Amino acid sequence: MIRTLTLMGALLAGTAAIAQDTVPIPPIDVDAARAELGKRMFYDTRLSGDASLACASCHDPARAFTDGEALSAAYTGAAHFRNAPTLANVGYRGAWMHDGRLGTNLNDVAREMITETYLMNMDMRIMQERMKQDPVYVEMFKAAGMSEPSNGGARNALMDFMKTIVSRGAPVETGDLSEAAQRGQVVFEGKGQCASCHTGARYTDDQVHNTGVPGNAEIWADPERHSAFVTYAKFMGVENYMNLREDLGAFIRTHEDDSKRTFLTPTLRELTYTAPYMHNGVFETLEEVVAFYNQGGGDDPLKDDRLKPLNLSDQEQSDLVEYLKAMSGESFDIDAYVWREDDFDYVLINDWLNATN
Ligand code: HEC
Ligand code: HEC
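Residues numbered from 1 in each chain as written. Chains lettered and ligands numbered in written order. Predicted model: local features only at pLDDT ≥ 70, side-chain atom pairs only at ≥ 80, totals over all residues. Heavy atoms only, no water.

Per an unreviewed UniProt entry, the recorded name for the chain is C-type cytochrome, and the organism is Tritonibacter litoralis. As recorded by UniProt, the Subcellular location (unreviewed entry) comment attached to the chain reads in full: "Periplasm". (UniProt positions renumbered as here; feature names shortened; annotations may be inferred.)

Structure (structure tokens):
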């Protein structure tokens, strides 16, 4: 049985004609029972090899699904070389990961997160067996129209849950902008040229660009981070991966020089919850990010032409920060976003674990 879920009302028609910043991001239709299953999985540490990490460990709903660290945590004994990105509106992306290396389907990202040694380090065949031993999962798979727990079904469920994570209620959407934010919007769309890359209701063109963000030296100073980076660079077929001391961004998939150090434009929704910023978390505050753009971005021979010194006054810079803050909405109270049938025998994962331990 396929049940579909339309969150917060009907899809808006003809959105392109309305000013970009007043349009709510339309909901994505998903199978509600599958999304509910994916939600339970998202919080379940048994998805990682040693049952120490859940998706939510690095994608915390209270931080718009980030972890508050410059560089992400990782599997026991490992450390990551990238900042954990927000999952707000992630179902709309055309490509995923900071370098855009996964571009087909959101459930491929779920597989990478689960199986990658420095992420959750889980063999999906074992994951499937673990789920089969849990009567709640068995029941939830049935409710979602699947005969028994399976890898493919599990990944699709995680995908459907992630598609329900849609930003709501930001001042840019409700039109409730302070005067400072309104002045900041003029800078954002005018002098700052921000809107040429940060476009649409999610404020991203879903393309990669070189903005000259400085490297994060900790990746090479910390042996665990360096080792995860080497594993990644080797797997992606980059020559000289042992001596590499920079994150090459999208070059890793194109192997073309002009994409060196290019990264996907991130969404700007929910920035108040997602510090630190950039693929490697080098900026702690929005003020620092704006100062970076004001000086014309970083120092890189391949930097995008649009990044030039902006000569913004202190007032203009703080107005711009106010506008960036106005892109954040209600914090993510997940239950509010996922439909649940009244008579569905849903057991919160922690309750169930407590009862069985
Ligand atoms: C140990 C920390 C960690 C865990 C656990 C984790 N993630 Fe991630 N996630 C990351 C990091 C770091 C990235 C960025 C990786 C990169 O750019 O190479 C990421 C990227 C993603 C992305 C791509 C977002 C985008 O906009 O490109 C999605 C989707 C995602 N994770 C979902 C999940 C799901 C679902 C799970 C659980 C199955 C999960 N993650 C578990 C750290 C984690
Ligand atoms: C040439 C395209 C381009 C322009 C112009 C541009 N950005 Fe960006 N922006 C990016 C890319 C690409 C990133 C990610 C870089 C990275 O991860 O290293 C980014 C990252 C950011 C971030 C960090 C978001 C996060 O979650 O980490 C903020 C905030 C931001 N930009 C604001 C602005 C503002 C304000 C302006 C105008 C002054 C602007 N951008 C102009 C492409 C652009």
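## Thoughts on the packing of aromatic side chains
This structure, assessed with the given rule, holds 13 aromatic pairs. Each ring, one from F65 and one from F332, has its centre 5.5 Å from the other, and the planes form 65°; the classification is edge-to-face. Of this pair, F65 sits in the loop between α2 (55-58) and α3 (106-115) while F332 sits in the loop between α13 (314-325) and α14 (334-337), and the two are 267 residues apart along the sequence. A ring pair is formed by F283 and F292, whose centres lie 5.0 Å apart and whose planes are at 50°; its orientation type is tilted. Stacked on the ring of Y137, the Lys or Arg R40 has its end atom at 4.4 Å from the ring centre. When the ring centre of F251 is taken as reference, the NZ or CZ atom of K260 above it lies at 5.3 Å. (Phe/Tyr/Trp six-rings, centres within 6.5 Å; stacked < 30°, edge-to-face > 60°. Helix = DSSP H or I, 4+ residues; strand = E, 2+ residues; numbered from the N terminus. Lys NZ or Arg CZ within 6 Å of the ring centre and 35° of its normal.)

## Looking at the coordination of the iron atom of ligand 1
The protein atoms that coordinate the iron atom of ligand 1 are H59 (NE2) and M113 (SD), at distances spanning 2.1 to 2.5 Å. In this structure, the iron atom of ligand 1 is coordinated by six donor atoms arranged in octahedral fashion, with angles at the metal of 86 to 179°. With H59 in the loop between α2 and α3 and M113 in helix α3, the pair connects residues that are 54 residues apart, well separated along the chain. For M113, a relative accessible area of 22% corresponds to the partly exposed category. (Donors = N, O, S within 2.8 Å, 3.2 Å for Na, K, Ca; no water. Tetrahedral: all angles 85-135°; square planar, octahedral: opposite > 155°, others 65-115°. Buried < 20%, exposed > 50% of the residue type's maximum accessible area, 1.4 Å probe, protein only.)

## Some points on the coordination of the iron atom of ligand 2
Looking at the iron atom of ligand 2, one finds its protein donor set to be H198 (NE2) and Y293 (OH), positioned 2.0 to 2.1 Å from the metal centre. Around the iron atom of ligand 2, the six donor atoms sit at angles spanning 83 to 180°, and that spread fits a shape best called octahedral. Residue H198 is located in the loop between α8 (179-189) and β3 (208-209), and its partner Y293 is located in helix α12 (residues 286-294); the two are separated by 95 residues in the primary sequence. Of the residues examined, Y293 reaches a relative accessible area of 24% and is grouped as partly exposed.

## Notes on the site of ligand 2
Around ligand 2 lies a shell of 24 residues, among which C194, C197, H198, H279 and Y293 are the nearest. Every element with two or more residues in the shell around ligand 2 is listed here: β4 (263-264) and α12. Across the shell around ligand 2, the residue classes break down as 14 nonpolar, eight polar and two charged. (Near = heavy atom within 4 Å. Nonpolar A, V, L, I, M, F, W, Y, C, P; charged D, E, K, R; others polar.)

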